[in-house]
Amino acid sequence: KGLAIYAYIRVALKSAYLYLYITYIYGNSTSERCNAQALLIMDSSVHIHGSTLALLLYSDGCDGVLFGQVRIKEQHVMRDDDEPGTQALVRERHIHVTGFHCNADSLSFYDESGSIQGKKLESLLPPSHDPIIGWFSSRKELGGLLQPTMLEASVSHSLAEYLNQQAGGKQVSPLLAVLSKQVDHHHATTTRLYRFYEADFQRSRVQHLAPSPLLPRELQITNLARTPQSIHKAYTSFEPVMASKANGPEAAAALAKLSASADQQVQQVDIIQEYTQSLLRDLSLACKVASGHSATLSSLQAEGKALQQQLADV
C-alpha cells in the first residue's frame, strides 16, 4: 500500500512538472508571437505627378537625380488573429518625387565602377531643391527587361553611402528609376517603359551585402484634376525640371557647345526660310503667266466662235 501511494505521488509530481513546463513554453511562444506581431512594417510606395513622370519618360539616353520628400505614417490596428490586448503597429513609408535634374549624358556624377563623385554631384544641383531621394537611368537601347544592371546597382549602393554620410549616419534608401522605350508596328507606335526600385541599404549593412538589394516599389501617379486638396499638400514643388548651375570649366564648355549648336540651328532655319520664300516667288510668277495664258485662250475661243457664226450666216 505504501509503494502504491509513493508511485501515485511520483506520477502526480511528474504530471505537475510537465504541465508547468508546457505552460512556460506556450507562454513564451505566445509572448514572442505577440512581440513579433506588435510591429508590422509595410512596403514603401512611390508617389509622382503625371506631368513629372511624362517629362521624365522623355529623357532618352541620359541619367540624373531625383528630388522629393519621405513621409512615414504610423497607426495601431487590431486584427482578428491577434491575441487579446495586443495591437499591431502599421508603418507606411511614402516617397514623394517632386522634381528631377536631367544631365546631357550618362556617367555624369559617377564613374565606370559606380563610385559617386561628390564634387560633380554637387555641381549639378540647382540653388534650391528638395533633398535627393534617388536617381534615374534612361537607357538608349530599345525594349528589354527593366531589371537593374550591375552598374546601376553599384551606383545605387554608392549613392546610399554618400547620402548616409551627408545625413550624419541617418538611414537613407535611395530610389532607382529605370526608363526605356519599345517601338512597334514598324516605328508607328512607341511605348514608354518604367519601373522604380529602392535600395535596401539597412539590410545590406546588417547582412554585409554589396551592392544593396534593389526592391521593386509600387508607383502611384497623382493627377491634379482628380485628387483631393490634401494630396496636393504633400508636394512642396510642382516644377518637374530644375535648372542646373553653370559652375566650373566643364559646365562652361558644355554651355558654349550648346550655344554654338543653337546658332547653327538658327542659321539652318534662316536658309530654309529664304529657300521657301524664293519658291513662293517663283510660284507667284508662274500663276501670273498662267493667268495671262488663260486670258489669251479666252480671246482665241471668242474669235473662233465669231468665225463660226460668220460661216453659219454665209
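Everything discussed here concerns the structure shown above.
These remarks concern the structure in this document. For every chain, the first residue of the written sequence is number 1, and numbering continues from 1 along that sequence. Residues qualify for local features only when their pLDDT is at least 70, as the model is predicted, and side-chain atom pairs are given and counted only at 80 or more; totals for whole chains, interfaces and linings, by contrast, use all residues. Only hydrogens and water are removed before side-chain values are computed, so all heavy atoms of the structure are retained for them.

All right, on to the overall build of the protein then. Numbered from the N terminus, helices here are DSSP runs of H or I no shorter than four residues, and strands are runs of E no shorter than two. A count of helices and strands for the protein gives 7 helices and 9 strands. A total of 314 residues make up the protein; the buried ones form 30% of that total. Throughout, a residue-residue contact means that at least one pair of heavy atoms, one from each residue, lies within 4.5 Å. Partitioning the intrachain contacts of the protein with sequence separation of at least 6 by distance along the chain shows that 71% fall at a separation of at least 24. Surface accessibility of the protein: about 20,900 Å² in total, with carbon and sulfur atoms responsible for 58%. Accessible area is worked out with a 1.4 Å probe on protein chains only. A residue is then buried under 20% of its type maximum, exposed over 50%, and partly exposed in between. Calculation of accessible area relied on Shrake-Rupley with a 1.4 Å probe; when residues are assessed, cover is drawn exclusively from the protein chains displayed.

Bringing unusual backbone geometry into the picture now. Phi is positive for His185, close to 55°, though the residue is something other than glycine. Within the element layout of this structure, His185 appears in the loop between strand S6 (175–184) and strand S7 (189–199). A relative accessible area of 61% means that His185 is categorised as exposed.

Turning our attention to the nonpolar core. Residues belong to a common nonpolar core when they are buried Ala, Val, Leu, Ile, Met, Phe, Trp, Tyr or Cys residues joined through side-chain atoms within 4.5 Å. Grouped together as the largest cluster of nonpolar side chains are 23 residues, with contacts concentrated most on Phe109, Ile116, Leu121, Trp135 and Leu159. At the level of elements, strand S3 (63–77), helix H3 (118–124), strand S5 (132–138), helix H4 (150–166), S6 and S7 are the ones that each hand at least two residues to this core. With 15 residues, the next largest nonpolar core counts Ile95, Phe100, Ala177 and Phe196 among its residues.

Tracing the backbone shows Gly99 in strand S4 (residues 88–102). Spatially, the C-alpha atom of Gly99 lies 8.8 Å from that of Ile48, the residues being 51 residues apart in sequence.

Time to look at the pattern of salt bridges. Side-chain pairs of opposite charge can arise where the charged atoms are in close proximity. Should a side-chain nitrogen of Lys or Arg be within 4 Å of a carboxyl oxygen of Asp or Glu, the pair is scored as a salt bridge. In this structure the tally under the stated criterion is 3 salt bridges. Notably, a salt bridge pairs Arg139 with Glu152, separated by 3.0 Å at the nearest N-O pair. On the criterion of sequence distance, the pair formed by Arg139 in the loop between S5 and H4 and Glu152 in helix H4 is long-range, its members being 13 residues apart. Of the charged contacts, one joins Glu198 and Arg217 as a salt bridge, the two residues approaching to 2.7 Å between their closest N and O atoms.

Inspection of the secondary structure assignment puts Asp63 in strand S3. Look at Asp63 and you get buried, because its relative accessible area is 0%. Contacts described as polar in this section are N or O atom pairs within 3.5 Å, which, within protein, must combine one atom able to donate a hydrogen with one able to accept it, while residues neighboring in sequence count only if both atoms come from side chains. For Asp63, the side chain forms a polar contact with the main-chain nitrogen of Leu107, separated by 3.1 Å. The contacts of Asp63, once residues within four sequence positions are left out, are His101, Cys102, Asn103, Asp105, Ser106, Leu107, Ser108, Tyr110, Trp135, Phe136 and Ser137.

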